[in-house]
Amino acid sequence: MRVKRGSEQERRISLESLATLENTAESHEGPALGNGELADLLPPEVCSLLNPAAIYANNEISLRDVEVYGFDYDYTLAQYADALHPEIFSAARNILIEHYKYPEGIRKYDYNPSFAIRGLHYDIPKSLLMKIDAYHYVQLGTAYRGLQPVPDEEVIELYGGTQHIPLYQTSGFYGKGPSIKQFMDIFSLPEMALLSCVVDYFLGHGLEFDQAHLYKDVTDAIRDVHVKGLMYQWIEQDMEKYILRGDETFAVLSRLVAHGKQLFLITNSPFSFVDKGMRHMVGPDWRQLFDVVIVQADKPSFFTDRRKPFRKLDEKGSLQWDRITRLEKGKIYRQGNLFDFLRLTEWRGPRVLYFGDHLYSDLADLMLRHGWRTGAIIPELEREIRIINTEQYMHSLTWQQALTGLLERMQTYQDAESRQVLAAWMKERQELRCITKALFNAQFGSIFRTFHNPTYFSRRLVRFSDLYMASLSCLLNYRVDFTFYPRRTPLQHEAPLWMDQLCTGCMKTPFLGDMAHIR
């Protein structure tokens, strides 16, 4: 007998399905599910654990067609240990106090590695650090002023009664303002922490301040750490401590050269720093692996500004005055621009694959303007995948999906008892969301998702990268002629199966096994 939507029989069937699920799951507060029990709840292939060392594809790309590989240096060829962040934080904090004359009391703050995540936005006039989704909405519960959370009601009031932020007017394409800044690189983690600590001190002591001045002073102090070469000195003095996976970087580069690939390096870092790091990872003859090496390139303007010419450096890093008519292997060049680079090398289009960690400065213009293939290095991916693979995460996500499906189907019932049940489900769903968020980061959650939507960072990742991975060493797990195929992700109107429908028993699909491969 067909059950009509909204009928009492449908309501009874859905409630019985929930009871069955509750008996199986033993509620999210109970003991963790075993692998067999979890497999009963999840659709086919969902139980397969993700590989943190895998490469993930946004776009189909065959490495067989790639003839030229390009690389950024910092956080691409050279992976840095998290121990670098407290050093940057402390040095910038001291610069604020000693050179910008900020209160001595700020010195009591130490770096908290668990506070912020990459991809957050900072509203300068409102002193708000927050996470925004792919549709420009603030994820409630992720807005902080200083080190204190801002109530959801206040956030909505601050933006005129909505969670929506007009980023195109306030942040710009590269996320640099004028009034909202997006923190996109890994070096921004200590910057966000310091900014939040300084705001916390001023608010806690009732000190009046201009938000724009405070923001600029903090960013200038962080910049000074780089410009004055402090960070370079720390790394050079203890490369074993700060540089990770150097052997794997050498293996990747050697393997590509052995298979006849051409390599180039474009970095904003100075030659002396890059040279010492590459000697540590690869050896004194590292330049022989690269067909072109460009330092202090001034990305992202390198990709858009035609005016800056290439300058050659001698062995000591001093500038030469001769005109550049070709880019020679083994030589070092400074600045320049992509248009001269393309003219001199004739490396164009999809036969070039460039890797970098900054979605804007490294990848955006190359993909959008020049048609290069791009690979994003996202070190946080490894940790997030390990969390996704836990039974606690899968259990929580499955239960959320089940509750979401029930809420959608049962909202037609408006009697007192049904409204009470719906309210309880809604409350439990929100509690589960908060639990899942805290698995990644207590304040801001995952860098890739809000409660259900992709984050703004995730949206940019998909738009500007063909591939993404935790580190360059992931290439060692694939043949040099491997083809990456992105999984077909159903659009809302395409999906034949949803996890909540499966979990609540609302859809019986005999061809489930045949359709599993499309997920």
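Residues numbered from 1 in each chain as written. Predicted model: local features only at pLDDT ≥ 70, side-chain atom pairs only at ≥ 80, totals over all residues. Heavy atoms only, no water.

A. Spatial organisation of helix α16 (residues 416–440). Taking 1.5 Å per residue as the helical rise, α16 with its 25 residues ought to reach 36 Å, and the 37 Å between its terminal C-alpha atoms agrees with that figure. Those residues of α16 that sit buried are Ser 418, Leu 422, Trp 425, Glu 428, Arg 429, Leu 432, Arg 433, Thr 436, Lys 437 and Phe 440. (Helix = DSSP H or I, 4+ residues; strand = E, 2+ residues; numbered from the N terminus. Expected span 1.5 Å × (residues − 1). Buried < 20%, exposed > 50% of the residue type's maximum accessible area, 1.4 Å probe, protein only.)

B. Layout of the layout of surface pockets. Volume-wise, the second largest pocket comes out at about 1200 Å³. Sorting the residues of the lining of the second largest pocket by element identifies β9 (180–182), α6 (188–204), α7 (211–227), α8 (230–237) and α13 (359–370) as the ones contributing at least two each. Counting residues per element, the lining of the second largest pocket draws most heavily on α7, at seven residues. Here the lining of the second largest pocket is built from residues that sort into 15 nonpolar, 12 polar and 12 charged. (1 Å grid on protein atoms, 1.4 Å probe; cavity = no way out; pocket = protein on both sides within 12 Å on 5 of 7 lines; lining within 4 Å. Points joined across faces, edges and corners; volume = space filled by probe spheres on them. Nonpolar A, V, L, I, M, F, W, Y, C, P; charged D, E, K, R; others polar.)

C. Up close: the nonpolar core. If you look at the biggest cluster of nonpolar residues, it comprises 138 residues, and the most contacted ones within it are Phe 290 and Phe 341. Top element by residues in this core is α6. It accounts for 10 residues. Among all residues touching Phe 341, those that are not within four sequence positions of it are Phe 264, Val 292, Ile 294, Phe 302, Phe 310, Leu 327, Glu 346, Trp 347 and Trp 372. One finds Leu 406, Leu 407, Met 410 and Tyr 413 within the second-largest nonpolar core, a separate group that totals nine residues. (Core = buried A, V, L, I, M, F, W, Y, C linked by side-chain atoms within 4.5 Å. Contact = heavy atoms within 4.5 Å.)

D. Examining the packing of aromatic side chains more closely. For the structure shown, the criterion picks out 33 aromatic pairs. Ring geometry for Phe 115 versus Phe 444: centroids 5.7 Å apart, planes at 85°, classification edge-to-face. Of this pair, Phe 115 sits in the loop between α3 (84–98) and β5 (121–123) while Phe 444 sits in the loop between α16 and α17 (456–464); the two residues are 329 residues apart in sequence, bridging distant segments of the chain. Accessibility assignment for this pair places Phe 115 and Phe 444 in one class, buried. Between the aromatic rings of Phe 202 and Phe 209, the centroid separation amounts to 5.4 Å while the plane-to-plane angle is 70°, which identifies the pairing as edge-to-face. With relative accessibility at 9%, the residue Phe 202 sits in the buried group. The lysine or arginine in question, Arg 306, covers the ring of Phe 339, its NZ or CZ lying 3.9 Å from the ring centre. (Phe/Tyr/Trp six-rings, centres within 6.5 Å; stacked < 30°, edge-to-face > 60°. Lys NZ or Arg CZ within 6 Å of the ring centre and 35° of its normal.)

E. Quick peek at the environment of Ile 165. Tracing the backbone shows Ile 165 in the loop between α4 (152–158) and α5 (167–170). Along the backbone, Ile 165 and Ile 132 are 33 residues apart, and their C-alpha atoms lie at a distance of 8.2 Å. Apart from the residues within four sequence positions on either side, Ile 165 is in contact with Met 130, Ile 132, His 136, Val 138, Tyr 159, Thr 170 and Ile 180.

F. Fine view of the sheet that holds strand β13 (residues 310–313). Strand order in the open sheet formed by nine strands is β1-β17-β16-β15-β3-β11-β12-β14-β13, with mixed pairing between adjacent strands. The strands lining the two open edges of the sheet, one partner per strand, are β1 (56–57) and β13. Relative to strand β11 (residues 262–266), strand β3 (residues 68–71) runs parallel, the two sharing four bridges. If you follow Gly 70 over to β11, its bridge partner there is Phe 264. (Pairing = 2+ DSSP bridges.)

G. The packing of α3 against α6, seen in detail. Interaxial distance between α3 and α6 falls to 9 Å at its minimum, and their mutual angle equals 40°. By the angle between their directions, the pair α3 and α6 is classed as oblique. You can see that α3 and α6 cross each other, and the crossing is right-handed. Contacts from His 85, Ile 88, Phe 89, Ala 92, Arg 93 and Leu 96 in α3 reach Leu 189, Pro 190, Ala 193, Leu 194, Cys 197 and Val 198 in α6. Split by residue class, the contact of α3 with α6 holds 10 nonpolar, one polar and one charged. (Axes fitted to C-alpha atoms, helices over the stretch in contact; angles between N-to-C directions. Parallel < 35°, antiparallel > 145°, perpendicular 65-115°, else oblique. Left-handed = near helix turned anticlockwise from the far one by under 90°.)

H. A look at the sheet that holds β5. With respect to topology, five strands assemble into an open sheet ordered β8-β7-β6-β5-β9, the strand pairing being antiparallel. Here the strands that pair on one side only, and so sit at the sheet edges, are β8 (148–149) and β9. Here three bridges tie β5 to strand β6 (residues 128–132), and the two strands are oriented antiparallel to one another. Within β6, the position partnered with His 121 by the bridge is Met 130.

I. Region of interest: α8. Those residues of α8 not exposed but buried are Met 231, Tyr 232, Trp 234 and Ile 235. Buried residues of α8 fall within an arc of 160° about the axis and therefore sit on the same side. Contact partners of the buried residues in α8: β4 (79–80), α3, α7, α9 (239–242), β10 (243–244) and α11 (271–281). (Arc of directions from axis to C-beta.)

J. Spatial organisation of the pairing of β6. With five of five residues buried, β6 is to be regarded as a mostly interior element. With burial as the criterion, each face of β6 is covered, one bearing Leu 128, Met 130 and Ile 132 and the other bearing Leu 129 and Lys 131. The turn joining β5 and β6, which pair antiparallel and follow one another in sequence, is formed by four residues; a positive phi near 55° is taken by Ser 127. In this structure, β6 lies alongside strand β7 (residues 138–145), joined through three bridges in antiparallel fashion. Note that in β7 the partner of Ile 132 across the bridge is Val 138.

K. Structural view of unusual backbone geometry. The omega torsion across Lys 299 and Pro 300 is 5°, close enough to zero to call that bond cis. Here Pro 300 shows up in the loop between β12 (292–295) and β13. Residue Tyr 75 is not a glycine yet carries a positive backbone phi of 65°. In this fold, Tyr 75 is placed in the loop between β3 and β4. Even without a glycine there, the phi angle at Lys 101 is positive, about 60°. Within the fold, Lys 101 resides in the loop between α3 and β5.

L. Looking closely at the pattern of salt bridges. Counted according to the given criterion, the structure contains 29 salt bridges. The partner of Glu 67 in a salt bridge is Arg 351, with the nearest N and O atoms 2.7 Å apart. With Glu 67 in the loop between β2 (61–62) and β3 and Arg 351 in the loop between α12 (338–345) and β15 (352–356), the pair connects residues that are 284 residues apart, well separated along the chain. For Glu 67, a relative accessible area of 40% puts it in the partly exposed group. Relative accessible area serves as the criterion here: at 26%, Arg 351 is assigned to the partly exposed category. A salt bridge links Lys 126 to Asp 123; the nearest nitrogen and oxygen atoms lie 3.7 Å apart. (Salt bridge = Lys/Arg side-chain N within 4 Å of Asp/Glu carboxyl O.)

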